[in-house]
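Listed below are the residues making up each chain.
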Amino acid sequence: MNINNQSVLAVVLLAGLSVLLPAHAAVTLPATLERPSQHDPLAEHSMLSAMTRAGDRLLAAGEGGHILYSDDMGQHWQQAEVPVSVTLTAICFATADVGWAVGHRGVVLKSADGGKSWVRQLEGNALAQLFVDPTRGTDLEGSVEGLVRDGADKPLLDVSCLDDQHVVAVGAYGLGVTTADGGRRWQPAVQLLNTSMEMHINAALAQPQQLLLAGEMGGLYVASRDLQQVTALDQPYDGSFFGMIQDKAGDLFAYGLRGHLFRSSDGGKRWVDVSPPTQQSLTAAAQLDDGSLLFTDAFGLGWYTTDSGNSFRRVQAQHSFPFTAMLPLDDGSVLASGMNGFTRFLPDQFN
């Protein structure tokens, strides 16, 4: 199976190192898991795959283990201390201080100081081992043996901070892990591995009582917030989904390959095609303060809707390149990050 999250973007390309060792052997961590991220004055112009807020602070994460933070709404950025140099794919904060980031080679990082510094809590070798005992004697045993043999070469693709103790991370080949104690212990999501038939899970959307998951081959799922119960939803098409967003009215939107966008008004049971007029993959989404929605495609174009996807207007950022994340800012602009760092959609684009 090919990793194709974020379409043509390099967010989740596997820079794979397969460590073909017996399960009981000591596994040497790939260099990028041991080598800290290097300080780079051009880091804010590099590929940045994810953004989030921690209180009033903005944070972004991307290639080379770069995590950047800004305390002036993105005017200036500082680089965090990060113990790995793998590509990071997702970041979230439960409070202004406590947050997590995930990425290639199964890495999970935690910060307790608002993103200024990070510690590694998990990596792919340890992640694979979590699945060994729960799947022994089941149909998944062979697949898990393969995970252990491969070593730390599978990316985690999204992370959701439910609170400062409960976190969910999902990724390639149906992998998922959860913690209920702030990351001291992690539990494998065996049911997700089984229900997804080992398809990639690209995105997790937290709701008050459940999680919604989106992935490849049309995969849409509803899960308990500890990932111990997972049910496949009806598939409105058989291509990959790269993300989901819920608007203020409660409508869900799932977006993916070749401009496909679907809306559900009943929690994901039924979906309506509301795709904008583009054949380019939709790669990021944001909700503005007034409830309107902005989607971006792989060409860096924005598709803006004020009526829940019934109609769209094309909008343009200051600079166009493939985007992977967006954050609405207090001044009415939308900060976008992606292949070439940062740019903005200015407020007059939404008038």
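Residues numbered from 1 in each chain as written. Predicted model: local features only at pLDDT ≥ 70, side-chain atom pairs only at ≥ 80, totals over all residues. Heavy atoms only, no water.

Thoughts on the overall build of the chain
Cut-off, in case you're wondering: Only DSSP runs of H or I reaching four residues or more are called helices, and only runs of E reaching two or more are called strands; each is numbered from the N terminus. We compute the radius of gyration over the C-alpha atoms and compare it with the globule rule, which gives 2.2 Å times the number of residues raised to the power 0.38. A 1.4 Å probe rolled over the protein chains alone gives each residue an accessible area, and that area as a share of the maximum for its type sets the label: buried under 20%, exposed over 50%, partly exposed in between. It only takes one pair of heavy atoms within 4.5 Å for two residues to be counted as in contact. Surface accessibility in these figures is a Shrake-Rupley result with a 1.4 Å probe; residues are shielded only by whichever protein chains are displayed. Lys and Arg are tallied as positive, Asp and Glu as negative. Neither His nor the chain termini are counted. Every charge is mapped to an atom, namely NZ of Lys, CZ of Arg, CG of Asp or CD of Glu.
Counting its regular elements, the chain contains five helices and 27 strands. The C-alpha radius of gyration of the chain comes to 19 Å, within 12% of the 20 Å expected for a compact globule of 351 residues. The C-alpha extent of the chain, read off along each of the three principal axes, is 60 × 45 × 30 Å. Among the 351 residues that make up the chain, the fraction classed as buried is 59%. Of the contacts formed within the chain by residues at least 6 apart in sequence, a portion of 49% connects residues at least 24 apart. When the accessible surface of the chain is totalled, it reaches about 14100 Å², and 48% of it is carbon and sulfur. Separation between the mean location of the 21 positive side-chain charges and that of the 37 negative ones in the chain comes to 1 Å.

Side note on the confidence of the model for the chain
Atom-level detail of predicted coordinates should not be read off regions where pLDDT is low. Condition: The predictor attaches a confidence to each residue, and that confidence, scored 0 to 100, is pLDDT.
With 91% of its residues at a pLDDT of 70 or more, the chain shows a mean pLDDT of 91. Here residues 1-28 is modelled with pLDDT under 50, and outside its nearest four sequence neighbours on either side it reaches 71 contacts, counting other chains as well.

Points about the state of the cysteines
Here is the rule: Disulfide: a pair of cysteine sulfur atoms within 2.5 Å of each other.
In the structure shown here, the tally under the stated rule is one disulfide. Paired through a disulfide, Cys-92 and Cys-161 show a sulfur-sulfur distance of 2.0 Å. Handedness of the Cys-92-Cys-161 disulfide follows from its S-S torsion of about 75 degrees: it is right-handed. Placement of the pair is Cys-92 in strand 5 (residues 88-93) and Cys-161 in strand 9 (residues 156-161), with a sequence separation of 69 residues. In this structure, Cys-92 and Cys-161 share a single accessibility class: buried.

Quick word on the environment of Asp-163
Test applied: Nitrogen and oxygen atoms within 3.5 Å of one another constitute a polar contact, given that in protein one can donate a hydrogen and the other can accept it, and given that sequence-neighbouring residues count only through two side-chain atoms.
The residue Asp-163 is located in the loop between strand 9 and strand 10 (167-171) in this model. If we ignore the near neighbours within four places in the chain, the residues touching Asp-163 are Ala-94 and Trp-100. Polar side-chain contacts of Asp-163 include one of 2.7 Å to the backbone nitrogen of Gln-165. In this structure the side chain of Asp-163 is engaged in a polar contact, spanning 2.7 Å, whose partner is the backbone nitrogen of His-166.

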